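The residues making up each chain are set out below.
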Amino acid sequence: MEQKAAIRGVIRSDVVVVIGSVFAISLLLSQISTGFTSAYNLSSLTRTIAVTALVGFSQLFALSIGHFNLALGAMGAIGAVLAAALMMVYNLPIWIAIVAGLLAGALAGAIQGWLIVKTGINPFVITLSLASIYLGGLTALTKAKFFDALPEAFNRIGNTNFLGLPVMLLTTFIIAVALWTLVARTPLGRQLLAVGANPAAATFAGIPTGAIIVFAHTVSGFLAAAAGILLAARLNVAQISIGTDWLLISFAAPVLGGTILSGGKVSVVGTIFGAALMALITNMLVVLGVNFFWFQTFLGFILLGAYALDRARLSYLSQSKA
Amino acid sequence: MGIASREVSGRPHNWSLRGGDLLQTSSIGVLVVILILVAILSVTTKDFLSMVNFRVIAEIVSTTAIVGMAQMVIIGLGGMNLSVGAIGGLAGVVTGGLMAATHLPSPIAAAGGLAVGMLCGVFNGLFIVRLGISGATSFLVTLAAGSILTGFILGITQSVPFYNLPDDFKFIGNTQVGGIPLLLFVMAGVAILVNFLFARLGLGRQILAIGGNLRAAELSGVPINRVVITAHILSGLLAASAGILLVSRLGSAHPDVGKDWMLASFAAPIIGGTRLAGGKVSVVGAVLGAILLALIADGLIFLKIDIYWNTLIQGLIILGAVGLDRLRMISAEHLERQRR
């Protein structure tokens with residue numbers, strides 16, 4: 001019992017650390033910068049958090065079973081470009097286009113999971129190859145076209161508030177609640193984590209490991225498409241490069257939030273705060289007048305620091321178990 | 001100790017590259033595909049078999065093959081290096097910057113670029129050793145390093161290329177010896193050295209031992225940390241040479257150098273039979289893999305197919321190559337079982 005309490009304490013504390021950092025930086029920024037609390041900055045910040053968190057969730061589902069998804073940027077592009085093309089070129093109703101985009105992302109993820117299960121090839125190579133297959137195919141089919149004449153009603157998703165909060169952020173919250181319920185409150189969630197912690201043991205325990213792997217990648221693709229579509233609504237344009245920069249943040253958000261990379265432990269709430277922390281740090285760099293060119297360097301150091309924390313946490317957890 | 005070393009030496013195929021069989025079965029497969037492609041392209045298109053086109057392909061192959069070797073060293077170790085492109089780009093930019101801004105002689109500038117590449121390798125290696133050697137660690141550390149170094153590239157250049165490079169520097173990338181680009185000879189020299197490392201030197205064997213079975217390598221006395229760091233320094237050095245050679249060929253140190261290397265860096269060695277799980281590499285295979293990649297990109301242009309399809313085809317080829325390797329492994333296991 002005592003061990004369980006200790007482990008729970010650690011798990012809770014890493015969310016506390018990231019939440020604490022988010023509040024500390026927010027407080028600092030509101031003191032040193034007059035622009036930080038402006039409506040414009042806050043709404044821009046929350047929209048960035050909304051997309052980053054979804055990208056983080058997408059990676060989180062691959063991480064939950066101990067895989068990496070290198071193709072999530074391509075899946076996001078598929079979702080965004082398909083939805084945009086359907087509403088712009090084929091004049092389909094917006095919601096049908098969005099659903100089609102989400103389903104395309106889910107299908108791209110399902111194919112990825114299916115290939116991993118059926119071929120037995122190293123998941124890393126599969127997602128690396130699929131990233132270029134998906135993106136290459138999409139580029140060739142669309143001739144790298146920009147879809148920028150999107151319906152006004154679609155763009156409104158990206159720039160409207162509801163009850164004082166951006167619709168984008170609310171969308172991410174709703175998705176987060178659904179994901180949290182799935183992971184923490186359903187047998188399916190427990191099976192995901194069991195496969196992530198030890199696939200062989202999960203198989204022996206009668207868990208349909210293959211189906212779980214396909215499911216995790218399907219959800220990952222769905223979430224990447226959701227992030228792509230929301231970002232397109234915010235930018236009022238969908239193009240193939242929409243997910244190019246997602247790989248780093250997709251790992252940083254969950255790892256900052258206390259997800260352990262080797263699988264078996266994920267944190268949906270932590271990922272939101274991880275996304276918030278990254279958006280805030282970027283905001284801080286802007287306030288401090290750091291040249292935009294160096295942002296990538298800071299992001300890299302954040303990921304490195306987060307991973308070092310992750311490793312420290314893991315060794316602490318294994319010590320407290322022993 | 002005795003048991004452990006027997007365990008390693010009991011499976012020599014797992015961790016040693018036999019110097020003799022340079023052309024392994026997978027390499028022969030790639031070679032056949034290359035010959036078929038060349039045959040098809042020379043029959044169906046007019047100018048494919050021209051000196052100019054040969055030069056274009058040879059120049060591209062030279063840098064791609066070295067990039068592939070930079071990745072191959074780390075794959076052999078059982079890891080991956082997502083920062084090869086950023087290291088190559090930074091080395092190219094530093095070399096170009098030293099020449100354009102401080103007018104240092106080009107050999108010193110190039111040495112500076114190579115040193116930067118090795119430093120990046122030290123950084124990667126140290127963090128990986130510190131955070132626990134595993135595939136996930138090398139992935140995350142080099143992903144972060146790639147981003148950090150990309151920031152350096154942009155910060156140093158302010159996103160503007162260095163144009164004023166001395167002629168003696170551009171000479172290396174733009175000279176032919178008997179019609180053959182000098183770059184190709186440089187690449188061949190590098191390939192021979194890397195092959196020598198894996199076929200003859202203790203370090204090469206130790207890298208493959210770690211990639212084949214980390215635990216066994218540790219038990220049989222391989223100095224794990226030192227080998228991992230050295231391998232990353234070597235990978236950084238190779239990536240930096242590729243970046244500097246590319247800058248020499250292009251004639252300007254562009255901040256985009258290395259940006260699109262990631263896929264090819266994995267594709268070239270994997271097509272050539274390097275095992276992704278580690279423990280088995282093939283230098284000849286990596287060079288053949290680079291040739292295949294360059295031929296396909298070139299062939300698409302000659303066949304007037306949208307170059308956009310190139311990315312998709314590269315992805316399919318990696319999947320195909322790994323799939324074939326997997327099939328070969330399954331059938332080998334099957335035979336083994338039947339024999340018992």
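Residues numbered from 1 in each chain as written. Chains lettered and ligands numbered in written order. Predicted model: local features only at pLDDT ≥ 70, side-chain atom pairs only at ≥ 80, totals over all residues. Heavy atoms only, no water.

(A) Local environment of the overall build of chain B. Within chain B one finds 15 helices and 2 strands. On C-alpha atoms alone, chain B measures out to a radius of gyration of 20 Å, which is about the 20 Å that the 2.2 N^0.38 rule sets for 340 residues. A buried classification covers 53% of the 340 residues belonging to chain B. At a minimum sequence separation of 6, the contacts of chain B that also span at least 24 residues come to 77%. (Helix = DSSP H or I, 4+ residues; strand = E, 2+ residues; numbered from the N terminus. Rg over C-alpha atoms; globule rule 2.2 N^0.38 Å. Buried < 20%, exposed > 50% of the residue type's maximum accessible area, 1.4 Å probe, protein only. Contact = heavy atoms within 4.5 Å.)

(B) The arrangement of the overall build of chain A in detail. Check the secondary structure of chain A and you find 13 helices and 2 strands. For 322 residues, the compact-globule formula gives about 20 Å, and the C-alpha radius of gyration of chain A, at 20 Å, lands near that figure. Counting only carbon and sulfur atoms, one obtains 70% of the accessible surface of chain A, whose full area is about 13,400 Å². On chain A, the mean spot of the 15 positive side-chain charges and the mean spot of the 6 negative ones are 8 Å from each other. (Areas by Shrake-Rupley, 256 points an atom, 1.4 Å probe, with all protein chains shown as cover. Lys, Arg positive; Asp, Glu negative; His and termini not counted. Charge placed at Lys NZ, Arg CZ, Asp CG, Glu CD.)

(C) Highlighting helix α3 (residues 72-88) of chain A. Helix length check: α3(A) (17 residues) gives 24 Å between terminal C-alpha atoms against 24 Å at 1.5 Å per residue, within 8%. Most of α3(A) sits out of view: 16 of its 17 residues are buried. (Expected span 1.5 Å × (residues − 1).)

(D) Seen up close, the interface of chain A and chain B. In this assembly, 38 residues from chain A lie in contact with 39 residues from chain B. Buried surface at the junction of chain A and chain B, both sides included, amounts to about 3,500 Å², of which 81% is carbon and sulfur. Linking chain A to chain B there are 1 salt bridge. The salt bridge partner of A:K143 is B:D306, with a shortest N-O separation of 2.9 Å. Run the count over chain A and chain B and you get 9 residue pairs in polar contact (both at pLDDT 80 or more). Among the secondary structure elements, those contributing two or more residues to the side of chain A that touches chain B are α4 (94-119), α5 (123-142), α11 (246-256) and α13 (295-321) of chain A. (Buried area = accessible area lost by both parts, 1.4 Å probe. Salt bridge = Lys/Arg side-chain N within 4 Å of Asp/Glu carboxyl O. Polar contact = N/O pair within 3.5 Å; in protein donor to acceptor, adjacent residues only side chain to side chain.)

(E) Looking closely at the nonpolar core. Membership of the largest hydrophobic core comes to 206 residues, with the highest contact counts inside it found for A:F57, A:F124, A:F251, B:M69, B:F139, B:F198 and B:F266. Looking at this core element by element, the count peaks at 14 residues for helix α10 (residues 209-235) of chain A. In this structure B:M69 touches B:M187, B:V190, B:A191, B:V194, B:L238, B:V283 and B:V287, once residues within four positions along its chain are discounted. (Core = buried A, V, L, I, M, F, W, Y, C linked by side-chain atoms within 4.5 Å.)

(F) Structural view of the layout of surface pockets. The computed volume of the second largest pocket comes to approximately 970 Å³. Together, 38 residues line the second largest pocket, and A:I121, A:N122, B:L276, B:A277 and B:V322 are the ones closest to its centre. Within the residue set of the lining of the second largest pocket, elements represented by two or more residues are α5 of chain A together with α3 (25-44), α7 (135-157), α13 (262-271) and α15 (309-339) of chain B. The element contributing the most residues to the lining of the second largest pocket is α15(B), with 9 residues. Within the lining of the second largest pocket, the residues separate by chemical class into 21 nonpolar, 13 polar and 4 charged. (1 Å grid on protein atoms, 1.4 Å probe; cavity = no way out; pocket = protein on both sides within 12 Å on 5 of 7 lines; lining within 4 Å. Points joined across faces, edges and corners; volume = space filled by probe spheres on them. Nonpolar A, V, L, I, M, F, W, Y, C, P; charged D, E, K, R; others polar.)

(G) Layout of the packing of helix α7 (residues 167-185) of chain A against helix α12 (residues 268-287) of chain A. Residues and elements named next belong to chain A. Look at α7 against α12: their axes get within 9 Å of each other, and the N-to-C directions meet at 145°. Each of F173, A176, L179, W180 and V183 in α7 lies in contact with α12, whose residues at this interface are V268, V269 and I272. Here the residues of the contact of α7 with α12 are counted per class, giving 8 nonpolar, no polar and no charged. (Axes fitted to C-alpha atoms, helices over the stretch in contact; angles between N-to-C directions.)

(H) Inspection of the side chain of A:Q59 at higher detail. Residues and elements named next belong to chain A. Relative to the helices and strands, Q59 resides in helix α2 (residues 39-64). Overall, the relative accessible area of 0% leaves Q59 in the buried class. Not counting residues up to four positions away in its chain, the partners in contact with Q59 are F68, N69, L72, S220, L247, S250 and F251.

(I) Here's a closer look at the packing of aromatic side chains. One pass over the structure, following the stated rule, counts 9 aromatic pairs over all chains. Ring geometry for A:F124 versus B:F139: centroids 6.0 Å apart, planes at 85°, classification edge-to-face. Placement of the pair is A:F124 in helix α5 and B:F139 in helix α7, with the two residues belonging to separate chains. The exposure classification of A:F124 matches that of B:F139, with both residues buried. Ring geometry for B:F123 versus B:F127: centroids 4.8 Å apart, planes at 50°, classification tilted. Here B:F123 and its partner B:F127 are both found in helix α6 (residues 106-131), 4 residues apart, which amounts to about one turn of the helix. Of the residues examined, B:F123 reaches a relative accessible area of 25% and is grouped as partly exposed. Take B:F127: its relative accessible area is 29%, and that puts it in the partly exposed class. (Phe/Tyr/Trp six-rings, centres within 6.5 Å; stacked < 30°, edge-to-face > 60°.)

(J) Summary view of a nonpolar patch on the surface. Residue and element names in this part refer to chain A. Taken together, the side chains of V89, Y90, L92, W95, I96, V99 and L103 make up a nonpolar region of the molecular surface, amounting to roughly 710 Å² of accessible area. Note that Y90 resides in the loop between α3 and α4. Given the relative accessible area of 58%, Y90 is considered exposed. (Patch = residues over 30% accessible without salt bridge, like charges linked within 9 Å, V, L, I, M, F, W, Y side chains within 5 Å.)

(K) Here's a closer look at the environment of A:M75. All names here are of chain A. Take M75: it is sitting in helix α3. Each C-alpha atom of the pair M75 and L28 lies 37 Å from the other, and the pair is 47 residues apart in sequence. The residues contacting M75, other than those within four sequence positions of it, are N69, G105, A108, G109, Q112, Y134, G221, A224 and A225.

(L) Quick peek at the confidence of the model for chain B. All names here are of chain B. Confidence in the prediction of chain B, expressed as mean pLDDT, is 88, and 92% of residues score 70 or more. The secondary-structure element of chain B with the lowest mean pLDDT is helix α1 (residues 2-9), recorded at 30, while helix α12 (residues 224-250) shows the highest, at 97. Overall, residues 1-23 carries pLDDT values under 50, and its contacts beyond four positions in sequence, including any with other chains, amount to 36 contacts. Scoring of the predicted complex yields 0.89 for pTM and 0.88 for ipTM. (pLDDT = per-residue confidence, 0-100.)

(M) Up close: the pattern of salt bridges. Residues and elements named next belong to chain B. Summed over the entire model, instances satisfying the criterion amount to 4 salt bridges over all chains. When the shortest N-O distance is used, the salt bridge between R249 and E59 registers 3.9 Å. Placement of R249 in helix α12 and of E59 in helix α4 (residues 51-76) is noted, with a sequence separation of 190 residues between them. Residue E218 is joined to R215 by a salt bridge in which the shortest nitrogen-to-oxygen separation is 3.5 Å. Taken together, the positions of E218 and R215, both in helix α11 (residues 214-219) and 3 residues apart, correspond to about one turn of that helix. Relative accessible area serves as the criterion here: at 54%, R215 is assigned to the exposed category.

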